[in-house]
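The chain contents come next:
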Amino acid sequence: MDPLQIGITVTSVMMFMIFFGMRVAFASALAGTAGLVWILSTKLGLEKAMFAGLGMAGTIPHSKSVTFASRIATYIYFDWFFSLPSWNNKKTI
């Protein structure tokens, strides 16, 4: 199967799991990992694809959460910086 057919099949299975009551986060994580392993197994073989797919699936959430945490820290810094008295000179009429 080519990657497009694998993607359509895995997405259909994910929708089936969601329809029957599985939480969206768990269904998408399971479907994404299974699809990644399935696509890699067509090129590398199943044994190598299991290790590569599970390794890649672990790095993606880490990279997304690290960039999200740095954005939150930046917004907290901006809030502190722009609340300083030199920036907050509001004149009353």
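Cut-off values and rules
- Residues numbered from 1 in each chain as written.
- Predicted model: local features only at pLDDT ≥ 70, side-chain atom pairs only at ≥ 80, totals over all residues.
- Heavy atoms only, no water.
- Helix = DSSP H or I, 4+ residues; strand = E, 2+ residues; numbered from the N terminus.
- Buried < 20%, exposed > 50% of the residue type's maximum accessible area, 1.4 Å probe, protein only.
- Contact = heavy atoms within 4.5 Å.
- Polar contact = N/O pair within 3.5 Å; in protein donor to acceptor, adjacent residues only side chain to side chain.
- Core = buried A, V, L, I, M, F, W, Y, C linked by side-chain atoms within 4.5 Å.

*Asks:* Can you walk me through the environment of Leu-54 in this structure?
*Replies:* Inspection of the secondary structure assignment puts Leu-54 in helix H3 (residues 46–82). Accessibility expressed as a relative area gives 48% for Leu-54, which makes it partly exposed. Spatially, the C-alpha atoms of Leu-54 and Thr-33 are 6.8 Å apart, while their sequence positions differ by 21 residues. Look past the residues within four positions of Leu-54 in its chain and what remains in contact with it is Thr-33 and Ala-49.

*Asks:* Would you explain the environment of Ser-41 in this entry?
*Replies:* By the secondary structure assignment, Ser-41 is in helix H2 (residues 24–44). Separated by 11 residues in the primary sequence, Ser-41 and Ala-52 have C-alpha atoms spaced 9.5 Å apart. Setting aside its immediate chain neighbours within four residues, Ser-41 contacts Leu-46 and Ala-49. A polar contact of 2.8 Å, which involves the side chain of Ser-41, links it to the backbone oxygen of Trp-38.

*Asks:* How do you make sense of the nonpolar core when you look at a structure like this?
*Replies:* For soluble globular proteins, nonpolar side chains are generally found buried alongside one another. In terms of nonpolar packing, the biggest core is built from 6 residues, these being Ile-6, Val-10, Met-14, Met-17, Ala-27 and Ala-31. Sorting the residues of this core by element identifies helix H1 (3–19) and H2 as the ones contributing at least two each. The dominant element in this core, judged by the number of residues it contributes, is H1, at 4 residues. The contact partners of Met-14, leaving out residues within four places of it in the chain, are Ala-27, Ser-28 and Ala-31.

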